[in-house]
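In case you want the letters, here they are:
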Amino acid sequence: MIDLNLLRENPEAIKASQRARGASEDLVDQAIEADAAWRSALQNFETLRAEQNASSKQVAAAPKEEKAALVAAAQELAAKVKAAEANANSAAETRDKILWQIENVVIADIPSGGEENFEVLKEVGTKAKFDFEPRDHVALGELLDIIDIERGVKVAGSRFYFLKGWGARLELALMNMALDLATKHDFTALITPTLVRPEVMAGTGFLGAHADEIYYLPADELYLTGTSEVALAGYHRDEIIDLSNGPLRYAGWSTCYRREAGSAGRDTRGILRVHQFNKLEMFSYVKPEDAEAEHLKLLALEEAMLQACELSYRVIDTAAGDLGSSAARKYDSEAWVPTQDQYRELTSSSNCTTFQARRLNVRYRTEDGKTATAATLNGTLATTRWLVAILETHQQADGSVRIPVALRPYLGGQEVIAPK
RNA sequence: GGAAGCGUGCCGGAGCGGCCGAACGGAACGGUCUUGAAAACCGUCGUAGUUAAUAGCUACCGUGGGUUCAAAUCCCACCGCUUCCUCCA
């Protein structure tokens, strides 16, 4: 949720952000109006309630013979209070409904425009070149007997797969390497629930326009999370956390579930876009003034992982129109996928400023003892999808795949995955 | 799944329908004392909304409803916890 004070004091800033996103500016005016209406309804109610409280005290103090008359008067007042309260409540509801639709205020210097208007911040490494016809990850997975898509589909439907043998181990190796890196940088490992309550899912901002991306279990009123970010954001919900010793950092491991509604026909081949995968996610709670620096820290760790996997990649600053509703800025890093002749997203790191924390009511204590809304950030350190880039980049003419040096310790020293 | 009990502030723990935002104890913080510390003593010590206001007012005692002029206190539902039984690893 956006900051109410900002709405009252500088609605133009919010409008400018909505404009950059290609979202509704009108919502901002509606919110201001609804806020004013709520405030006046609230004051009306509070005045009446104060009267009622006073008259109740009179009743209590009055001598017996006067009580009946006082109670009669109080009864009338009680009815008024009830109506005024209902009024104030519905005004608050109206206001909140509008407020929750307004997306996070973007950081001023990010590119505006849509998906294609990103800015490339850097390109790192050299794109893999082959003196043979490179196989795509599906072919490699089959040849090496490490990815079994056919049986995944048989068991669970399209966009499901089995990782087998070295494929399974490679994924675990990747997760473990990521976890080691994160742990070294002050992130606490956390294995998270993958089912969450509606309040948590809504609080993280995932139930907006893209709600149909999410699996929902109506019988239990639970959502399956598409990223451990959801559980990690909910972890400190309704808490006043201690940031006096620096940020709280978590490395969350979980399986992730995505319906991929609306992407029918896209990336249907292989394990690039699937309904279920594993991910190691960094998540930081920081003071708002530290958020941008933390964002760069997350990005640096992501790059360290990509480099450890010996991948060629670029980093982009996502345009406003392509940001999730909670993000004020998003850096993606995309690895070169040789057989697709393009970069594909491997990590995504968002600075959600105070937007998410305000919805989830996560605060911290400032130096002068007051409470303030924390800022939250998240970023990917490894996912199943990385296997695509790793396999394709490090393949050799005979179909074997060289394992990046940094990953070998996690695979018992194995250097190559070769066809049987 | 069945039965009973319980859910109060950072923690423990009181609380007759009005005098309770809440006794008391501990922790924490500030101070006095001390060379320093401990002890002792004094004081402060929930969150949020509204408001120009750290004035006032309002709300919050698991959550949501209800009864009442008035509810932490009564009623209902739900959620959670504990114990016992059952069940199952």
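Thresholds, definitions, all that
- Residues numbered from 1 in each chain as written.
- Chains lettered and ligands numbered in written order.
- Predicted model: local features only at pLDDT ≥ 70, side-chain atom pairs only at ≥ 80, totals over all residues.
- Heavy atoms only, no water.
- Helix = DSSP H or I, 4+ residues; strand = E, 2+ residues; numbered from the N terminus.
- Buried < 20%, exposed > 50% of the residue type's maximum accessible area, 1.4 Å probe, protein only.
- Contact = heavy atoms within 4.5 Å.
- Areas by Shrake-Rupley, 256 points an atom, 1.4 Å probe, with all protein chains shown as cover.
- Lys, Arg positive; Asp, Glu negative; His and termini not counted.
- Charge placed at Lys NZ, Arg CZ, Asp CG, Glu CD.
- Near = heavy atom within 4 Å.
- Polar contact = N/O pair within 3.5 Å; in protein donor to acceptor, adjacent residues only side chain to side chain.
- Domains from an automatic or database assignment.

**A word on the overall build of chain A**
Right, on to step 1. Secondary structure summary: chain A contains 12 helices and 18 strands in total.
Right, on to step 2. Every one of the 420 residues in chain A was classed for burial, and the buried ones make up 48%.
Right, on to step 3. Expressed as a percentage of contacts within chain A between residues at least 6 apart in sequence, the contacts between residues at least 24 apart total 73%.
Right, on to step 4. By element, 49% of the accessible surface of chain A is carried by carbon and sulfur atoms, the whole surface being about 20,000 Å².
Right, on to step 5. Positive and negative side-chain charges in chain A, numbering 47 and 62 respectively, have mean positions lying 3 Å apart.

**Some points on the protein's contact with RNA strand B**
Right, on to step 1. Around RNA strand B sit 22 residues, and of these R49, Q75, R363, R365 and T371 come closest.
Right, on to step 2. Among the atoms of RNA strand B close to the protein, meaning within 4 Å, 78% are from sugar or phosphate groups.
Right, on to step 3. R49 places a polar side-chain atom, nitrogen or oxygen, 2.7 Å from a phosphate oxygen of RNA strand B.
Right, on to step 4. The contact in question runs from a base nitrogen of RNA strand B to an N or O atom on the backbone of S56, over 3.2 Å.

**Considerations on the domain arrangement of chain A**
Bring the parts together and some accessible area is lost; that lost area is often taken as the interface size.
Right, on to step 1. As far as domains go, chain A holds domain 1 (4-99) and domain 2 (119-417).
Right, on to step 2. The centre of domain 1, based on its C-alpha atoms, is set 43 Å off from the matching centre of domain 2.

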